[in-house]
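Reading the structure
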Amino acid sequence: MPNGLDKPETTLEKIERMDRRIVFLAIAITIILPLIWPLGLPIGVSPQVDDFHEAIESIPDGSVVLFPNDYDPASKAELYPMTVAILHHFFKEDRNLKVIGLGLFPAGPPLLQKAFEEVAVDQYGAEYGKDFVNLGYKEGREIVMASMGESIPQTFPTDFFGTSIDSLPIMQGIKNYSDIAILVNVSAGYPGTKEWVQQVVSVFDVLMVSGTTGVSAPEYYPYYNSGQLAGMLEGLKGAAEYETLIEEQGIATSGMDAQSLGHLVIILFIIAGNVLFILNKRNKNRDRGGRF
Amino acid sequence: MARRSIPTAIAFFFGAMMVVNYFVPWGWFSDRANQVQEWGLIVVAFAYILGALNVMRVHGHKIQRKEEDWRFSIVTIITMVVMLSFGLMPEHWAIGGMERGSPFLWMFDNMYVPMMATMYSLLAFFIASAAFRAFKVRSLEATLLAVTAVIVMIGAVPLGGILLPGSMELRTWIMETLQNVGKRGIMIGVALGAISTSLKIILGIERPYGRD
C-alpha cells in the first residue's frame, strides 16, 4: 500500500500524490493566459529601482557609459527586457550618451547587439561606432575587468565584428575607467556584478548600478546597502518597474501579469500541499489510535 | 628539490606581485603587474583551444568505442565544428561574419537561443511541482522557511500588493534586513577562507599547480 499501512489509499492521500503533469498543466495555463489577455496589474516602483534610474540621470550629458551584459540566452527571458529598457533610457532623451557594450559570457554579445539594433538603431537612429559600440566577448573574467583599468583599447583591440576600435569615433580618447561616468551591468551570475564591484568599484571608484536575475539578487543586496551599487534592478520585476519609470512599457510589463499568476499558483500549491500533509498526518495518527 | 621549489617560487613571486599592486599601484611596478595580467589573458585564450581539443578527444573516443549515448557525441562534434567554422569565417566572405542575417547569427538566434531559453523555462514547472511535494511544515524551521518564501514570492509581483497589502514592504524588509545579515556573514566567511587559501598557495603550503 502506498500509505505504508494495510489499508487502501484514501482520496486525500491520492491527491497528495497527484500526477505532477497536473501541476505542470496548471502552471502552463496560468502563464499563457495572461500573455494572451493581459490583466494590466499596476506596477509599483521599489527604492532600489528608483536609485538605479537616479544614478543614470545624475551623469552629465555626453558621458561615456560602460554597459557589460554578462548573461546568455538561458537568462534572456529575465534580462533581455532589462537591457532593452536601459537602452531606451540611454537614448530616449537625446542626452548624447556614448554607450560601450561588452559581454563576459561567450553568448552574451550577440544578444546585446540585437538589443542595440532593435532599440538604439531602429527607434532612435543611433549610429554604430559613433553613439554606441559592442566590444564583444573576451575570456579572462576578473583579469579582463582589472586589465581594462589599465587600458580598454589594449584589452579589447577589436570590436564584436573584428573592426579595430582605433577606427571607431566613439573610442577616441577612451583609455580606462577614468573616462567612464557610470558602469551599468546586467548580470546573470559569474562573472558579473560581484566581480565588477570587487575588481572595479572598490579599486577605481567607478559609479556602478546593476540589473540581475531574481534568483541572484539576494547576493548583491549587501553591495547595494553599502553604497557600492548605486541602484539595482531585480529580475523581470525590476525591468517592469524600470519600464514604468521611463514610461516605455515593453515586454517586461506584459510579462509581469504572467509572473504574478505563476507565483500565485505556486503559493496555492504550497498551501494545498501543506493542508493535505496535515490532514493525512492527522488521519494516520487517528488510525493508529494516537492524538494529532 | 628544484621540481618543488621553482614552481613555488614562481607562484610566490606573481601572487605577491598582484597583492602588492592592489594596495600600492605604483608606476613601474604597476606597469609590470598589468603586463602579467595581459599574459593571463593570453594563457586563458590558449586554454580555450585545449578545451575544444579535449571535447573532440572525449567524444571521439566515445563514438569509436560505441559507448552509451554515443550518437549524442556525433551531434556534439558536428554542431561544434559547424558553429566554429561559420564563426571563424572572415567577414568579407559571403557566408562569414557576425552581421545580422549571417549563417552564424541565424543559427545562434534560431537554434541556440530557443534551446537555452527552453531549458531555463522548464525550471518554473519543476519548481511548482517540487514546492507542492517538498515544502512541508514538518518542523518550526520548515514552517518559518515556508512562510518567508510565501511572503517573498507574493511581495515580488504586482498581484501581491492587491491580495496582501503591505507584502511588498514586508518583502523589502526581509530582503534588506533578515536576508542581508545572513548573506553578509556568509560573504565575510567566504572572503576569509579565500584569503587563507590564497596565502597557502602563495607561500607554497598548498600546491595545486604541481605534483609532490
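Residues numbered from 1 in each chain as written. Chains lettered and ligands numbered in written order. Predicted model: local features only at pLDDT ≥ 70, side-chain atom pairs only at ≥ 80, totals over all residues.

1. What to know about the overall build of chain A
Put simply, the rule reads: Numbering of helices and strands runs from the N terminus, with a helix taken as a DSSP run of H or I at least four residues long and a strand as a DSSP run of E at least two residues long. Radius of gyration: over C-alpha atoms. The globule rule applied is 2.2 Å multiplied by the number of residues raised to the 0.38 power. Each residue is classified by how many other C-beta atoms fall within 10 Å of its C-beta atom, where C-beta atoms are placed from the backbone; a count of 20 or more means buried, 12 or fewer means exposed, and values in between mean partly exposed. We call two residues in contact when their backbone-placed C-beta atoms lie within 7 Å.
Scanning chain A from N- to C-terminus turns up 11 helices and six strands. At 24 Å, chain A has a C-alpha radius of gyration far larger than the 19 Å of a compact globule built from 292 residues. Dimensions of chain A along its principal axes, counting C-alpha atoms only, are 85 × 40 × 35 Å. Going through the 292 residues of chain A one by one, you find that 47% of them count as buried. Sequence separation of at least 24 residues holds for 72% of the intrachain contacts in chain A that already meet a minimum separation of 6.

2. Looking at the overall build of chain B
Of regular secondary structure, chain B possesses seven helices and zero strands. Scanning chain B from its N terminus toward the C terminus, one meets helices and strands in the order α-α-α-α-α-α-α. A compact globule built from 212 residues would reach a C-alpha radius of gyration of about 17 Å, whereas chain B, at 26 Å, exceeds it by more than 25%. Projected onto its principal axes, the C-alpha coordinates of chain B cover approximately 65 × 50 × 40 Å. The buried share of chain B, reckoned over its 212 residues, is 13%. Taking all contacts inside chain B whose residues are at least 6 apart in sequence as the whole, residues at least 24 apart take part in 25%.

3. With respect to the nonpolar core
The test is simple: As used here, a nonpolar core is made of buried Ala, Val, Leu, Ile, Met, Phe, Trp, Tyr and Cys residues. They are joined through C-beta atoms within 7 Å.
Ranked by internal contacts, the top residues of the largest apolar core, which has 88 residues, are Leu87(A), Ala115(A), Met208(A), Leu229(A), Ala239(A) and Ala128(B). When neighbours within four sequence positions are excluded, Ala115(A) is seen to be in contact with Tyr80(A), Thr83(A), Val84(A) and Leu87(A).

4. Digging into the interface of chain A and chain B
What counts, and what does not: Only Asp, Glu, Lys and Arg are considered charged, only Ala, Val, Leu, Ile, Met, Phe, Trp, Tyr, Cys and Pro nonpolar, and every remaining residue, Gly among them, polar.
The interface is formed by 49 residues belonging to chain A together with 50 residues belonging to chain B. Every element with two or more residues in the side of chain A that touches chain B is listed here: helix 2 (20–36), helix 4 (76–92), helix 5 (108–124), helix 6 (142–150), helix 9 (217–225) and helix 11 (251–287) of chain A. Looking at the side of chain A that touches chain B, the element that brings in the most residues is helix 11 of chain A, giving 15 residues. In the side of chain A that touches chain B, the residues fall into 28 nonpolar, 13 polar and eight charged.

5. Let's talk about the pairing of strand 3 (residues 132–137) of chain A
All names here are of chain A. Condition: Note: two strands are recorded as paired if DSSP finds a minimum of 2 bridges between them. Seen with its strands pointing away from the viewer, a crossover is right-handed when the path leading from the first strand over the helix to the second is clockwise.
The element strand 3 is extensively covered by neighbouring structure, given that five of its six residues are classed as buried. Bridging between strand 2 (residues 98–103) and strand 3 involves four bridges; their strand directions are parallel. Residue pairing in the sheet places Ile100 in a bridge with Val133 of strand 3. Each parallel crossover has a hand, and the one from strand 2 via helix 5 to strand 3 is right-handed.

6. Some thoughts on the sheet that holds strand 6 (residues 232–234) of chain A
Residue and element names in this part refer to chain A. Rule in force here: For helices, the fitted axis covers only the stretch in contact; all axes are lines through C-alpha atoms, and the angles between them, taken along N-to-C directions, range from 0 to 180 degrees.
If you walk across this open sheet you meet the six strands as 3-2-1-4-5-6, and the pairing is parallel. The open sheet has two edge strands, strand 3 and strand 6, and neither has a second partner. For this sheet the average axis-to-axis angle between neighbouring strands, irrespective of direction, equals 15°. Pairing geometry for strand 4 (residues 182–187) and strand 5 (residues 208–212), over five bridges, is parallel. Along strand 5, the bridge assignment pairs Leu183 with Met208. Those strands touched by helix 4 are strand 1 (64–70), strand 2, strand 4, strand 5 and strand 6, and its axis lies near 160° from that of strand 4.

7. So, the domain arrangement of chain A
Here is the rule: Domain extents, as shown, originate in an automatic or database domain assignment.
Partitioning chain A into domains gives domain 1 (11–37 + 255–287) and domain 2 (47–249). Here the C-alpha centre of domain 2 of chain A lies 39 Å away from the C-alpha centre of domain 1 of chain A.

8. Re the domain arrangement of chain B
Buried accessible area, meaning the area lost when the parts come together, often serves as the stated size of an interface. Here the domain parsing of chain B yields domain 1 (1–88), domain 2 (97–132) and domain 3 (135–204). Using C-alpha coordinates to define each centre, domain 2 of chain B is positioned 28 Å away from domain 3 of chain B.

9. Here's the deal with the environment of Gln172(A)
The residue Gln172(A) is located in the loop between helix 7 (152–155) and strand 4 in this model. Once the C-alpha coordinates of Gln172(A) and Pro153(A) are considered, the two residues, 19 residues apart in sequence, prove to be 9.7 Å apart.

10. Describing the packing of helix 11 of chain A against helix 5 (residues 140–155) of chain B
Counted only if it meets this: If an angle is under 35 degrees, it is roughly parallel; if it is over 145, roughly antiparallel; if it lies from 65 to 115, roughly perpendicular; otherwise it is oblique. Crossings are assigned a handedness: left-handed for a near helix turned anticlockwise from the far helix by less than a right angle, right-handed for a clockwise turn.
Put simply, helix 11 of chain A and helix 5 of chain B touch, their axes get as near as 9 Å, and they point 160° apart. With respect to helix 5 of chain B, the axis of helix 11 of chain A lies roughly antiparallel. Relative to helix 5 of chain B, the crossing made by helix 11 of chain A is left-handed. On helix 5 of chain B, the residues that touch His263(A), Ile266(A), Ile267(A) and Ile270(A) of helix 11 of chain A are Ala146(B), Val150(B), Met153(B) and Ile154(B).

11. Overview of helix 4 of chain A
All names here are of chain A. This is how the line gets drawn: A helix is expected to span 1.5 Å multiplied by its residue count minus one.
Here helix 4 contains 17 residues, and its C-alpha end-to-end distance of 23 Å stays within 8% of the 24 Å for a straight helix at 1.5 Å per residue. When you tally the buried positions in helix 4, you get 15 out of 17 residues, the bulk of the element. Phi turns positive, to about 55°, at Asp94, one or two residues after helix 4.

12. Thoughts on the pairing of strand 4 of chain A
Across the six residues of strand 4 of chain A, five count as buried, placing the element largely inside the fold. For the crossover that starts at strand 4 of chain A, traverses helix 8 (residues 193–204) of chain A and ends in the parallel strand 5 of chain A, the hand is right-handed.

13. Details of the confidence of the model for chain B
Residues and elements named next belong to chain B. Here is the rule: What pLDDT reports is the predictor's confidence in each residue, on a scale of 0 through 100.
The predicted model of chain B has a mean per-residue pLDDT of 88, with 98% of residues at 70 or higher. Within chain B, the lowest mean pLDDT, 86, falls on helix 1 (residues 2–23), and the highest, 93, falls on helix 3 (residues 70–88). The ipTM for the predicted assembly is 0.81, set against a pTM of 0.87.

14. A short note on helix 2 (residues 27–64) of chain B
Residues and elements named next belong to chain B. The first and last C-alpha atoms of helix 2 sit 56 Å apart over 38 residues, in line with the 56 Å expected at 1.5 Å per residue. Summarising burial for helix 2: two of the 38 residues are buried, a small minority. Of the residues trailing helix 2, Lys66 is marked for its positive phi of about 50°.

15. Quick word on the environment of Ser129(B)
For Ser129(B), the position within the fold is in helix 4 (residues 103–134). Not counting residues within four places of it along the chain, the set of residues in contact with Ser129(B) comprises Arg20(A), Val23(A) and Phe24(A).

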